[in-house]
Amino acid sequence: MGDVILTMKGIDKSFPGVHALDHVDLEVRKGEVHALMGENGAGKSTLMKVLTGIYSKDAGTITFEGREVEFTNPREAQDAGIVIVHQELNMLGHLTVAQNIFIGREFMKGRLIDDKKMNEEARKLFDQLGIDIDPTETMSRLTVGKQQMCEIAKAISHEAKVIIFDEPSAALTEAEIDELFKIIRDLRDRQLGIVYISHRMDEIKVITDRVTVMRDGGYVGTLITKDCTKEDIINMMVGRVIYEDPKTESQVAEDAPVVLKVEHLNAGRMVQDVSFELRKGEILGFSGLMGAGRTETMRALFGADPKQSGDIYVNGEKVDIKTPQDAVKHGIGYLSEDRKRFGIVVDKTVAENSTMASLENYMKGIFIDKKKENEAAQKYVDLLKTKTPGVDQLVVNLSGGNQQKVVIAKWLVRNCDILIFDEPTRGIDVGAKSEIYHLMNELVAEGKSIIMVSSEMTEILRMSDRIIIMCEGRKTGELGIEEATQERIMHAATLRN
Amino acid sequence: MDKIRNNAIVKKIGFNSLVLLVIMILLYILFAILVPIVNAKANTTFVSWSRIVSALNYAYFLGFLSLGVTFVIATGGIDFSIGPVMFCAALISGYQLTMKGWPLVVCLLLSVLVGAMFGVFNGLLVSFGGLPSFITSMASMMIAKGVGSVWTKTQSVSWPQSAAENGAYRNLVRINVGGVDIPTGLIILLVGAIICSIILNKTKIGRYILCIGSNREAVRLSGVNTKKWETLAYIICGLMAGIAAIFYVGAYTTVQPGLGDTFNNDAIAGCVMGGTSMAGGVASIGGTLIGVLIISLLQEGILAMGKNINYQYIITGLIVLVVVYTDLRSRRRRS
Amino acid sequence: MTDKKNGNAFTNNPIVRAIGVQKIVVVLVLIIMLVFFGVAAPSFRSYASLLSIMDYTYYLAFLGIGVTFCLITGGVDLSIGTGMFCYALIGGYLITKQGMPVIVGILVTLLCGVIMGLINGLIVSKGGHAPFLATLCTMMIARGLGAIFTGGVSITWPLSSSPEGWTRSIFKFSLASGTKIPLGFLWVMIAAVVMSIFLNKTRPGRYIIAIGSNKEATRLSGINVAKYQTLAYVISGFFTGLAALAYSSAFQSMAPGGGAGTELNAIGGAIIGGTSMSGGSGSIAGTILGVFIMSVLQTGLPKVNLQANMQQIIIGVVLIIAVYIDVLKNKKLS
């Protein structure tokens, strides 16, 4: 490890209602691979966005190569030598590899672009990195792994001094990861500073020199990787005190029947052979890190995305779910994690949204029975304590928590017995949060069954009767609430097959 | 201003529609003043019953086109085939009436059917085939032009005059009772608009069409068959073009093959002026109706000033650009 | 895992890939069409037919080349059909009715195209309008303008017999023997080569492709997206001006308000040639091939006794099929 190249000190950043970064420190040296770890929402991405000028910081200093800097956009950061290799690649699929690497700074021969020189230069870069990619290949024809190598090559061609890898291995195969690590070690040996964001514990041990752990927007500490164990890191990541008392025992009756059974569900890379059961009156938590395939599992189960194989049984009967229509017919309701895009129709009223899934029950002949519709909507406004001036209010004017209640109302109006809550409290303030928890408990007490996908550990431990943990498209653990601890869940969530 | 906005009656009619009404009246006054000045040598006036009748003749068929396309625009799509489809329907049914001697009632139904068929065609391609609506409907615009002229062997078709046999259909536009002209067309257009308004606001079809325009994916994930309802919007649009055909020939009797696309813009202009958003999800039938009346008045005024139809093309083009730009800006501000 | 996500031995063949599968198919279809018309209609097998095909090809090819740039950005230009008539009417009016030199008429025609392209580009890139809607409006405006400018009368550019008729010889050169040489083909080819180089070998061309491929990523690469998006429409406008010259040189009179529907022939040609409606990919060579299909159809169909109006139906159907293939291609890619 060489000299310090980048120091972030006391970085503070607030968004309306959220203290996203609370005096976070990070120090990167030349020739080190520095892991940045933390649960979902710990603030890693926000910190990197502050560094590269996508967000401006409220307080703190960034020192790069001994000078205090403040970038206002990623381009400035890039010009200075700080480059991010994104999880979602910013590529131009129709252009070739070399054209992508040199976009915006093409080599010219007179007035024409010198593609030959660009190909040569790209090839030189790849040779340096020891990777085998044809620079003349069209970008979209490469595998995700190769595309990522191109992004790295692009970063190096910018003469980067610090490269940030944002979960680079998430989409890679085993062989590609080996190749990636080889490149990263090579870059380290060339005295670059590397920030490596990942959830994979075993990778951290293999590739990184130091680890900085963040939790809930705050700085927890920095460790030398080789001196610590996986358990040390997990403890730092989850080592919060849980104020709301977690559930200690399952509330589900011993003889509760199985209402939903999923067997060997497969849908693309993110859902591989997932099987589970949901019992009547149960809250089944789905835990895991970002990109574990939980939402994808739910969407495939609900018929929102096509599935390749797998059997679904509702109340013991095998059902064929190809579209959301089929799922709703069998009494399954789905609250999407992206409320604005998939949950509500924002410029329509509370009443209209409430009856969206069950309009056929609110007809008088060919006309919509407005009175009956309003009554039903009002009933659930009262029941769920939705704060709205009236049922004819446009949903866009409601707060996030109340919008969520409207989505819940939609499925309750439909009288769904199986409810999938995907991140039910995302973007919702604390007060509304506990109301929604309360509501979920009431619903299961009434005999409904709930699958709750959540990235918040406290939420999982507080609400679930049983917990299923996923990692990279597979089910990697199942714990009864009695045996569940933060550490055990995190362990399963970082378990690679 | 806010006081006016929140007045119960104003709310019922819609503030935008009221503004449009005022614009329409101002436009009428403007033409009343301008026409005698601009077109001095023709010694003409704009304030006459015959001008109003002429403007209304234009408004009838345009009204039905506009009402129909409102449904498609409400889903976030567009239909550029309505004008040629209207002509195609009028050509085919008129040919069957005058050359093949089919009964009048059958021919009127045939016209509506031809329109609806094009709606089915467009709807299936857009919703099930996933084709962009503008290019699909432009292709079917060409097909409609071609089918119309192939059917009539490139001859124009003249529907019977009022006094002639089978001329009764013209009573749909205007009926003469004891020497007094009653504009039946206006009554039927109003009834049509009321029915459309009911469909859009009071039935499942309208509800789903509007919601699809706002957020297709949320509607689909509520277990609604979005493709079916989207197709239906195009079918309604085609059907209305078929009805528009009847009112076109009712007013003008003669249709030529290979034309009709100039009415697309007028119909769309009527729609967007009336407050229907090109982004989908927001539509106002009352607004569309007033929009159509303004366009018709504009057309009549331009003709009365001795200018030709080409000025109309330019003005409606500009109107659409400006109105849509305003809608875009207000949307951007809100988000 | 291999590098190639999809494709088989044929589509991965380097020569096939260099040319493009779609273009090979289009050439085959073109040959089949020529053979079919040749067999079905003896009168099709004539030099006059070839000249006729060429007359259609010139203006469609120029329109096609221009609109290809708009399509590659992920947009479209619907104003090219009526625009072509509008600019030719204005230029022709100045020459024949105002007695201006032919060269002035030509320059004004081209200038009109560029101005309209600039307007379209600014409305789309700065105004944020949907390209189809913006250019539909300017399509109507062009239609009205051309007619108003000429006072509603038809215009014929000077005939080849008159001294000012030299514009016609540019496209169809008559030898002393009376044989006509389709010289315009040469100009189309030159334009195609130049624009192909522009698209693939210069920065503006590269950025136009990049915008269609991924607008946000292009912006993040520090490229002025609005500028190059506007440029695509200006190119389209300029080529519409060229098409106006080609049209007025190949055909007799132009009626005001005409030209509507021509844009679909050109857009159809481009899409048949493999340019995607969703942007990011397209080739000038493909567009020229696609345009040939359109002009062979226009010449050949009447020869097999299909009414001229059947053409519209066939072109409409061809357009839908071409767009559908494009939609399927994109579905497969994602």
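Residues numbered from 1 in each chain as written. Chains lettered and ligands numbered in written order. Predicted model: local features only at pLDDT ≥ 70, side-chain atom pairs only at ≥ 80, totals over all residues.

Asks: I keep staring at the overall build of chain A and nothing clicks. Help me out?
Replies: Counting its regular elements, chain A contains 17 helices and 24 strands. Since a compact globule built from 497 residues should have a radius of gyration of about 23 Å, the 25 Å found for chain A is in line with a globular shape. Taken along its principal axes, the extent of the C-alpha atoms in chain A is 75 × 55 × 45 Å. When the 497 residues of chain A are sorted by exposure, 50% land in the buried category. Within chain A, contacts between residues at least 6 apart in sequence are counted, and of these 68% link residues at least 24 apart. (Helix = DSSP H or I, 4+ residues; strand = E, 2+ residues; numbered from the N terminus. Rg over C-alpha atoms; globule rule 2.2 N^0.38 Å. Buried ≥ 20, exposed ≤ 12 C-beta atoms within 10 Å, placed from the backbone. Contact = placed C-beta atoms within 7 Å.)

Asks: I tried to follow the sheet that holds strand 18 (residues 332-335) of chain A on my own but got confused; where do I start?
Replies: Hydrogen bonds along the backbone pair up the strands of a sheet, which may run parallel or antiparallel. Residues and elements named next belong to chain A. Spatially, the six strands line up as an open sheet ordered 18-21-22-15-23-24, and their pairing is mixed. The two strands at the open ends of the sheet, each matched to only one other strand, are strand 18 and strand 24 (474-480). The sheet shows a mean angle of 20° between the axes of neighbouring strands, direction not considered. Sheet topology places strand 15 (residues 283-288) next to strand 22 (residues 449-453); four bridges connect them, and they run parallel. Within strand 22, the position partnered with Gly285 by the bridge is Met452. In this fold helix 9 (residues 294-302) packs onto strand 15, strand 18, strand 21 (418-422), strand 22 and strand 23 (466-471), with an angle of close to 150° to the strand it touches most, strand 21. (Pairing = 2+ DSSP bridges. Axes fitted to C-alpha atoms, helices over the stretch in contact; angles between N-to-C directions.)

Asks: What exactly am I supposed to notice about the sheet that holds strand 16 (residues 309-314) of chain A here?
Replies: All names here are of chain A. Strand order in the open sheet formed by four strands is 14-13-16-17, and the pairing between neighbours is antiparallel. The open sheet has two free edges, formed respectively by strand 14 (271-279) and strand 17 (317-319), since each of these has just one partner strand. Averaged over all neighbouring strand pairs, the angle between strand axes comes to 20°, with direction disregarded. Inspection of the sheet shows strand 13 (residues 258-267) paired to strand 14 by six bridges, in the antiparallel sense. Across the sheet, Lys261 pairs through a bridge with Glu277, a residue of strand 14. Across the face of the sheet, helix 9 comes into contact with strand 13, strand 14 and strand 16 while running at roughly 110° to strand 13.

Asks: Can you walk me through helix 4 (residues 47-72) of chain C in this structure?
Replies: Note: α-helices contain 3.6 residues per turn, so residues at a spacing of three or four share the same orientation. Residue and element names in this part refer to chain C. Over its 26 residues, helix 4 runs 36 Å from end to end, which matches the ideal 38 Å to within 8%, given 1.5 Å per residue. When the local axis directions of helix 4 are compared, the greatest deviation, roughly 30°, occurs at Thr57. Across the 26 residues that make up helix 4, a large majority, 21, are buried. Looking one or two places after helix 4, you find Gly74, whose phi comes out positive at around 90°. (Expected span 1.5 Å × (residues − 1). Bend = angle between axes of the 7 residues up to and from the residue.)

Asks: How should unusual backbone geometry be read in this particular structure?
Replies: The general pattern is negative phi for most residues beyond glycine and trans for most peptide bonds. All names here are of chain A. The phi angle at His23 is positive, at roughly 45°, despite the residue not being glycine. Mapped onto the elements of the fold, His23 is located in strand 2 (residues 18-29). Residue classification places His23 among the partly exposed residues on the basis of 14 C-beta atoms within 10 Å.

Asks: How do you make sense of the packing of helix 6 (residues 102-125) of chain C against helix 12 (residues 225-250) of chain C when you look at a structure like this?
Replies: Packed helices, taken two at a time, are described by the angle their axes make and the gap between the axes. Residues and elements named next belong to chain C. Axis separation between helix 6 and helix 12 bottoms out at 7 Å; the angle between their running directions is 150°. In this view, helix 6 runs roughly antiparallel relative to helix 12, as classed from their interaxial angle. Of the two elements, helix 6 crosses helix 12, and the hand of that crossing is right-handed. Broken down by class, the residue content of the contact of helix 6 with helix 12 amounts to 17 nonpolar, twelve polar and no charged. (Parallel < 35°, antiparallel > 145°, perpendicular 65-115°, else oblique. Left-handed = near helix turned anticlockwise from the far one by under 90°. Nonpolar A, V, L, I, M, F, W, Y, C, P; charged D, E, K, R; others polar.)

Asks: Would you mind showing me how to read the interface of chain C and chain A here?
Replies: Interfaces are often sized by the accessible area lost when the parts come together. Tallying the contact residues gives 21 residues for chain C and 22 residues for chain A. Elements supplying a minimum of two residues to the side of chain C that touches chain A: helix 10 (203-213) and helix 11 (215-220) of chain C. The greatest single-element share of the side of chain C that touches chain A, amounting to five residues, is contributed by helix 10 of chain C. Grouping the amino acids of the side of chain C that touches chain A by side-chain chemistry returns seven nonpolar, eight polar and six charged.

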